[in-house]
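Observations on the model geometry
What follows is the residue order along each chain.
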Amino acid sequence: MEREKSFGTRCVHAGEGHNPFGAHATPIYQTSTFVFESAEQAAAIFSGQPGYRYIRSPPNTPTHAAFVEKICSLEGGKAGLAFSSGMAAETALFLSLLESGDHLLSTNIIYGGTYGLISSLLTKFGIEVSFVDTTDQGQVKANMRENTRMVFLETPANPTMAVSDIGEIGRIAREAGAITAVDNTFATPYFQQPLRLGADVVVESCTKYIGGHGDLLGGVAVGSNELIQSMKRPALLAGGTMGTHEAWLCLRGLKTLHLRMARHAENAMQLALFLESHPKVQKVNYPGLACHPQHLLAGRQMSGWGGMLSFEIKGGVEAGRRLMNNLRLCSLAVSLGSVDTLVEHPSSMTHAVMPRETRERLGISDGLVRVSVGIEDAEDVLADFERGLEMV
Ligand code: LCS
């Protein structure tokens, strides 16, 4: 059997090369529909034979198929689906695999949008939900119910960088007859491959590191043939399909994922160390620091620490505001995973949807500032923070 190519080679080559006319780059198939050779062929495709038929129907277009093949190769999954956003991927995941009366156990520290989807939308359809500290396997075990069908993990978690043990929780879920879904947006397959660790399905916002340049909205789900097959029809019916141009941008973005992620992480480590030693900073959340509560676990299940960090500034929300208003190179913006450094304030922005008591209990304080560290030269990012902190 041929040796599986290394990760970086798969970033560049996987999914590529099925092009007509010898085109070197995969074309953007900017078409809504596909012309059938015959009525018989159309009927066969509509009854389940592989083939393209209409852009909303997976495999959508050959551009989508190339992107899905590449991300599957990187995540170690057999099949995947491309969505219009990370939220659309999560919505399709939950609507496909859960029904009224089922219980979903979710990480308590998650992206605010996901929190809103689970806490206010799923519950409208009779799905029971609980938010649990999944960094503690005892709590996961204690909160599994007879009707628990899915455990949803976000690790590292947005915005506190809490890390949950995918392998161990996957085992607890499996024993209870539940599947494990992991949001891999922060780590990306470069640093963490949940399916290889024992998860059943991975979802990811492509808006972030997969696209990588802060210029698109997209999402993806990757898993086994069987699981993705069961999501296909709900995905088609819910209608949140990725656009073709976005699929092409994701395909192109992934070609440099390995280079970008290495640099994001290198810069994040430098910034984390700088902030950790700064007198105006109370606490830094970065899995690469020895003080991170799950530093050892992160070292076991991730091959690096990623490009995201958050920190608490002394002086709370006012000090945080002054810092954010005084950065010049780094932008004050939500989203993450772009080539440039983005800074935001979770309690008033990405996580404002969470009730204040919940946020405070989870460590999402008003003084917490989140940084998506870019791939600039680190000294310039550090200098910007140094200057900004002087103004606090
Ligand atoms: N999962 C995680 C971990 C996220 O951080 C986000 C968005 C999503 C899913 C949803 O993806 P989308 O639909 O936006 O593609 N996170 C954002 C954030 O932290 N700031 O702005 C969006």
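Structure shown above.
Presented here is a report on the structure given in the accompanying data block. A quick note: this is a predicted structure, and the numbers were derived from the prediction, not measured. (Residues numbered from 1 in each chain as written. Predicted model: local features only at pLDDT ≥ 70, side-chain atom pairs only at ≥ 80, totals over all residues. Heavy atoms only, no water.)

**Looking at the nonpolar core**
By size, the foremost hydrophobic cluster in this structure holds 61 residues, and its most contacted members are Phe67, Leu271, Leu275, Leu309, Phe311 and Phe385. When residues in this core are grouped by element, the largest group, eight residues, is from helix α12 (residues 257–276). Taken domain by domain, this core gets at least three of its residues from each of domain 1 (7–254) and domain 2 (257–390). Residues Ala157, Ala181, Val203 and Ile364 belong to the second largest nonpolar core, which totals 33 residues. (Core = buried A, V, L, I, M, F, W, Y, C linked by side-chain atoms within 4.5 Å. Buried < 20%, exposed > 50% of the residue type's maximum accessible area, 1.4 Å probe, protein only. Helix = DSSP H or I, 4+ residues; strand = E, 2+ residues; numbered from the N terminus. Domains from an automatic or database assignment.)

**Points about the sheet that holds strand β3 (residues 128–132)**
Taken in spatial order, the seven strands line up as β1-β7-β6-β5-β4-β2-β3 in an open sheet, and their pairing is mixed. Strands with a single pairing partner mark the edges of an open sheet, and in this sheet they are β1 (79–83) and β3. Across the sheet, the axes of successive neighbouring strands diverge by a mean angle of 20°, strand direction being ignored. Pairing of strand β5 (residues 179–183) with strand β6 (residues 201–205) involves three bridges; the strand directions are parallel. Opposite Asp183, over in β6, you have Val203 as the bridge partner. Where helix α5 (residues 112–121) meets the sheet, it contacts β2 (103–107), β3 and β4 (148–154), and its direction lies at approximately 140° from that of β3. (Pairing = 2+ DSSP bridges. Axes fitted to C-alpha atoms, helices over the stretch in contact; angles between N-to-C directions. Contact = heavy atoms within 4.5 Å.)

**What about unusual backbone geometry?**
Omega for the peptide link from Thr155 to Pro156 comes to -10°, which places this bond in the cis form. Mapped onto the elements, Pro156 comes out in the loop between β4 and α7 (166–175). Geometrically, the link from Asn158 to Pro159 is a cis peptide bond, its omega value of 10° lying close to zero. One can find Pro159 in the loop between β4 and α7. In the Ramachandran plot, Phe21 falls in the positive-phi region, its phi being about 60° despite a non-glycine side chain.

As far as function goes, none of this settles anything; it's purely spatial.
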